[in-house]
Every structure is written in C-alpha cells, then in structure tokens.
Amino acid sequence: MKKLINIIQTNNLFIKIFLVMVVSIIAVSLLITYSSIRMSSNLFMDTFSITNSKIMNQITERFNTFSDSIVSASLEVDTNGTMKQLLQEEHKTNIEKSIYYYHMNDEMERIYAEVDPNDANMIVMSKNNEIFNMNYIKWPVDGEKLANHEMIRRMEESSNDIVYQFEESEVTNGVPMIIASKALKLQSDFIYGYLFFSLTEKDLKKFYESYTSAGNNVLLLTPNGKIISSNQEELVGGNSSELLSYAQSFEDEELEYRNVDVFGQNYILLSEYLPSLDIYLVNLINREIVADNVIDTSEIVFISIGIVILAVLATFLILRKMTVSISKLVHQISDMARYQFNKPLKETGGYETRKIAKAFNYMLNEMQDYVQILLNTQEKQRKAELDALQHQINPHFIYNTLASIKFMIRQEKKEIASDTIDSFISLIQNSLSNVEETITVEQELENLKNYVQINQARYGDRIKVNYLISPDCLPLYLPKLVLQPFIENAFFHAFTKKKAGFIQILIAQKDNYLICEIIDNGDGLAPDQLDDKTIKTKEKRQLFSGIGVKNVHERIQLLYGKDYGVKIDSEPLKGTKVMVKLPVYE
C-alpha cells in the first residue's frame, strides 16, 4: 500500500493532467456520440414520418375502395327489381320457395362479385328472418338472433344510409368484425329487408398489415374511442378516449405528425379520418424501437470507444514524456525541503525543466543568504527586547506605589505598608534581576501575587483575585511577563462601570499544551474593540511593564509559532476571558 502511495505521489502531476485529459476526451466523445445518435434518430424519424404519411394515403385508398364497393353493391341491391319483388312476396309452396331461393342467390352472386375484397361477406335478410349468406364460413349467422339484435335497432335509428358497426358478440359467434348494414326500404319507408356486408377483423387487418413492423403500429378507432382493429391484437376491442382526443386534435390542427404519450409510452402519431367508414385511421410509431431497428447504435458506440482508446493511449505517451522530467524536478525539490536544503537541483531534462532548475538554484542561493541575515536579526531583536523588558517598569508605577506606602505609614497602617514594601521589593527584584527569557510558572505566579497585593493595597480589595493552579504546572517554563499585562488590563480597564468584581487565574495542562486563563466578570469589551480574538493595538499603555496585550500575542507567536498565542472572548457587561496557549517546557 505504501509503495502504491509513493508511486502516486511521485507521478502526481502526470496523473492529474492525464485524468483531466481522459475525462475531457470521454466527455467530448460521449457528447458527440449522443449528438450523432440523436441527430440520426431525428433525421430518420422525420423521413420515416413523411414515408408513413404516404403509406397512410395508400391505406386510406384501400379503405375507400372497400367503402365504394359496398356503396356500389348496396345501390344495385336497392335498384334490383327482382330482389325487391322476391323479398316482398309470400312463398307458400316448396316450389315457390325453391324458385325464390334460386333467383335470390343468382342475383346476389352477380352483385357480390363486385365487392372488394373477396374476403368480405354479403348477407340479405328478409322481414321473415330468412338469411341469404354469400360466404357462410365467414359469418354463420342465425336469422332469429340477427333480427333480435341491438344492431338492427341502431341501424334503423341511424340517419346514415349505410351504418358501420363493430361487433364482437354472440351474433358474430365472438369473432370481431366490422359490419356495414342498410335497411332496404320502399319510397313509403316500408322496410322489406336488410342488407349486410361483414369483414372480420383479421381480414380487415390485411388492408394495412403489410405496412406495419416492430414499433410501427396501425389502429382503427371509432368516434366512441373503441379500437376495432390493430396489428397489436391485445388492443382490439379496448377503448382509449386519450388516443381518440389525440386523433381528433391531429385532424383539427392539420399537423404533419405529433409526439404523444399513450398506453404508457411515447409515440409519434399520424392520423386520418375516413368519413366513408366513420372511423379514424391511426399510425403510432415507437421512436426508440424503430430507430434501434434502423440505426445501429452499438456500432456508433464501438467506434466511439475505439477513438477514445486511441486518444487516451496517445495522450498517455505524450504526457508521460512531457512530465517525467518535471516529476523528477519536483521530487528533488521535495527532498530538498525535507532533508537537503543546501543541495542545488540537477539541471537536466527538457528546455523548460532546465530553465526552472537554474532559476530555482539562483533563488535558493539568494534565499539562504537572506535567511541567515534574518536569523541573526531576530536573535538580536529577541535579546534587545528582553533587555528592554528588564528596564520597562513605568516610573509612574514606582512613584505612585511609594506615595501609597507613605500614605499608609501616616495612617499608621504599618503592617499593610510593610507587606506592600515587601511585595514591591520582590516585584522589582524579580523583574530586574532575572535576565532569563523564560521563567517558571511558580516564579510568574509569585510576581503576579506581588503585583496584585500592591494594587489591592493602593485601591482596596473591591477586586478579588483567585488562583487555581495545577501543581504539575509549577515547574514548567513560560515567557517572562506573559500573564501580568492581562492582570493589569483587568484591574484598570475591566471595572470602569462595575466598581467591584473578581479575577480568576487558572493554569493547567491540556492536550500537551500549557493553558493559562485570566477570567474577570467586569465590563467586557465591545465587538469593535476585538480584532481576530485579540484586543486592538489602540489600548492604553500598561502602567507597570509597558507591554500591551497584543504585543504578548505577537511575542508568543514569534517564539513558538502560529499554533500558540492569545485568544480573547468577551461580552459587554458580562466579562472577559483571556486564554494564553503555550507549549509545555520543563
């Protein structure tokens, strides 16, 4: 696992550029492939729709031919005097009935010969329910059943001369068929017989079946939304008001084609109304199925994959050659930063790599000189700062303290004056005599107590100070005068509005840090007085050391780094919490 991580880190630049190029190549290829397939599909569907429009016209012509043949045959029956006479006369004897049947069949055969297609059946029924059937196999109907069927009533009530009806009932023996019927009437509207032309749904399907294919479907729809024929047999006999509305709107809007969602799928719809049959001829084209059968999507995808593989391979070889020298240069720089800061880079590889290495070596030499100068300067600055701290006791502090002691002696507060003098001497001694940059927590705590005792002697004990120090922290070291400025700041600035309160000093170890907290319940600070959790630089000069609280933060970070320093949280009228974060040094 480590070996793999090292390989990835070594070739990081190459991997990043290569991944970007691969993703770009794949994305472009996908977009081009998708666009090509989509454009091909749209172009094909437009062409296919135009072709299907012509096919719809051909199917319409076949239906019109069938309708015309029915109209022609029904006119011949209407004008045939022999049939009219035979159907009105009574035939009592067997001879008369035989002659009757003979002449009826003879006349009907002559007329039936003109009916197109030949699969259609022609039936004449007399008022006595006698059936003359020209193609008994297609529709073996019983006269009594037919005479009592709802179809006769619908035919008699219709205003049309020829009525087209779809039937799939007992009278058709359960066989779906379309029936064109006509009542044979005299001028006095007396009905002397009925004429029927029937065509089974299977025979009707022959009109358009040769034009259908997978995804290219044809349906015949009545004005009531009933599907009377389709190459999709499962739809025959069903109802679809949604499809009917699409077909009707297609005719009203005179569209070339339209996209519709019906039967749970998306289709392209073409429709034609056949007024002679009073039905809608609907063509539903499944875009996906038809396009898949014609457009070889897999071939386009395989070609795109081949192009992507070749492009990726070429990209790999070119990028590898370009980045290998840069990777070596980066590796050298990485080793230099960790181990060999003074070792110059090898100026090898391509032109760009050599120029970078040369410029880097020049910069390295300049930087080494500058770093050395900077280190020397910082060392001198820290020493000068420490020396200055030893002599930065404010003269006003000394003067005011001595004046306070004098005042205590006059008031005969000798014990308090004596304690104050001891604290003052100890504070002066520790501040001036100790020239070390760091002191122990115990020493810093002693200085704080002396400073607090002097202030309480001068101003009274309205501000209480509590010390909570973990014993294991006493021998630890911290920078000199790092806590005193915050105690001084709390004494003279935290209780301006509030006249009394407390200051708590807490020192403990936490997560390998030395944490010092100074907490007061004074006036607090407004948000505009804080800058990145430290007090802004415009605070007043400290009375004792002259060291501002912001200087403490900067000094700590100068000594130990950005992970350490001072953080201040404060709320107006609630108080201030100062946290000083230091490393653990013994």
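Residues numbered from 1 in each chain as written. Predicted model: local features only at pLDDT ≥ 70, side-chain atom pairs only at ≥ 80, totals over all residues. Heavy atoms only, no water.

Regarding the overall build of the chain
Broken down by element type, the chain carries 16 helices and 19 strands. Looking at the chain alone, contacts between residues at least 24 apart form 61% of all its contacts between residues at least 6 apart. Carbon and sulfur atoms form 55% of the exposed surface of the chain, whose accessible area is close to 33100 Å². (Helix = DSSP H or I, 4+ residues; strand = E, 2+ residues; numbered from the N terminus. Contact = heavy atoms within 4.5 Å. Areas by Shrake-Rupley, 256 points an atom, 1.4 Å probe, with all protein chains shown as cover.)

Regarding helix 14 (residues 441-459)
Taking 1.5 Å of rise per residue, the 19 residues of helix 14 would be expected to cover 27 Å, and the 26 Å separating its terminal C-alpha atoms lies within 8% of that figure. Those residues of helix 14 that sit buried are Val 441, Glu 444, Leu 445, Asn 447, Leu 448, Asn 450, Tyr 451, Val 452, Ile 454, Asn 455 and Arg 458. In the stretch just after helix 14, Gly 460 is the one whose phi turns positive, near 95°. (Expected span 1.5 Å × (residues − 1). Buried < 20%, exposed > 50% of the residue type's maximum accessible area, 1.4 Å probe, protein only.)

As for the confidence of the model for the chain
For the chain, mean pLDDT is 82; residues scoring 70 or higher make up 86% of the total. Counting contacts from residues 537-541, a segment whose pLDDT is below 50, to residues more than four positions away or on other chains yields 7 contacts. (pLDDT = per-residue confidence, 0-100.)

Quick look at the packing of helix 3 (residues 81-88) against helix 4 (residues 94-112)
Interhelical geometry of helix 3 versus helix 4 gives an angle of 145° and a closest axis separation of 10 Å. Where helix 3 crosses over helix 4, the handedness of that crossing is left-handed. Mapping the contact onto sequence places Thr 82, Met 83, Leu 86 and Leu 87 in helix 3 and Tyr 100, His 103, Met 104, Glu 107, Met 108 and Ile 111 in helix 4. Looking at the contact of helix 3 with helix 4 residue by residue, the class counts come to 7 nonpolar, 2 polar and 1 charged. (Axes fitted to C-alpha atoms, helices over the stretch in contact; angles between N-to-C directions. Left-handed = near helix turned anticlockwise from the far one by under 90°. Nonpolar A, V, L, I, M, F, W, Y, C, P; charged D, E, K, R; others polar.)

A word on the nonpolar core
Grouped burial of nonpolar side chains is what soluble globular proteins tend to show. Ranked by internal contacts, the top residues of the largest apolar core, which has 46 residues, are Phe 63, Met 104, Met 122 and Val 124. The element that contributes the greatest number of residues to this core is helix 2 (residues 12-79), accounting for 8 residues. In this structure, Met 104 is in contact with Met 83, Leu 86, Leu 87, Val 124 and Phe 132, ignoring residues within four places of it in sequence. (Core = buried A, V, L, I, M, F, W, Y, C linked by side-chain atoms within 4.5 Å.)

Re a nonpolar patch on the surface
On the surface, a nonpolar cluster with roughly 430 Å² of combined accessible area is contributed by Met 367, Tyr 370, Val 371, Leu 374 and Leu 375. With respect to the element layout, Met 367 can be found in helix 11 (residues 351-390). What makes Met 367 partly exposed here is its relative accessible area of 32%. (Patch = residues over 30% accessible without salt bridge, like charges linked within 9 Å, V, L, I, M, F, W, Y side chains within 5 Å. Salt bridge = Lys/Arg side-chain N within 4 Å of Asp/Glu carboxyl O.)

What to know about the environment of Val 171
Along the chain, Val 171 turns up in the loop between strand 3 (163-167) and strand 4 (177-185). Residues in contact with Val 171, not counting those within four places in the same chain, are Trp 139, Val 141, Lys 145, Leu 146 and His 149.

Some points on the sheet that holds strand 9 (residues 265-274)
Strand order in the open sheet formed by 5 strands is 7-6-10-9-8, and the pairing between neighbours is antiparallel. The outermost strands of the open sheet, each flanked by one partner alone, are strand 7 (227-230) and strand 8 (258-262). Going from strand to strand, the sheet's axes swing by 35° on average, the running direction of each strand aside. Direction of pairing for strand 6 (residues 216-221) relative to strand 7: antiparallel, over a ladder of 3 bridges. Bridged to Leu 221 within strand 7 is Ile 227. (Pairing = 2+ DSSP bridges.)

Remarks on the pattern of salt bridges
The full count for this structure, using the stated rule, is 16 salt bridges. Measuring nitrogen to oxygen at the nearest pair gives 2.9 Å for the salt bridge that ties Arg 110 to Glu 107. Residue Arg 110 and its partner Glu 107 are both found in helix 4; the two are separated by 3 residues, about one turn of the helix. A salt bridge links Lys 205 to Glu 233; the nearest nitrogen and oxygen atoms lie 3.4 Å apart. Taken together, the positions of Lys 205 in helix 7 (residues 201-205) and Glu 233 in the loop between strand 7 and helix 8 (241-253) put the pair 28 residues apart, joining distant regions of the chain. Look at Lys 205 and you get buried, because its relative accessible area is 4%. One network of salt bridges, with partners in common, ties together Asp 119, Lys 138, Asp 203 and Lys 206.

Notes on the sheet that holds strand 5 (residues 191-200)
Taken together, 5 strands build an open sheet; the order of strands is 2-1-5-4-3 and the sheet is antiparallel. Of all the strands in the sheet, just strand 2 (131-133) and strand 3 have a single pairing partner and so form its edges. On average, each strand axis in the sheet is inclined to that of its neighbour by 25°, with strand direction left out of account. Across the sheet, helix 4 is in contact with strand 1 (121-126) and strand 2; its angle to strand 1 comes to roughly 145°.

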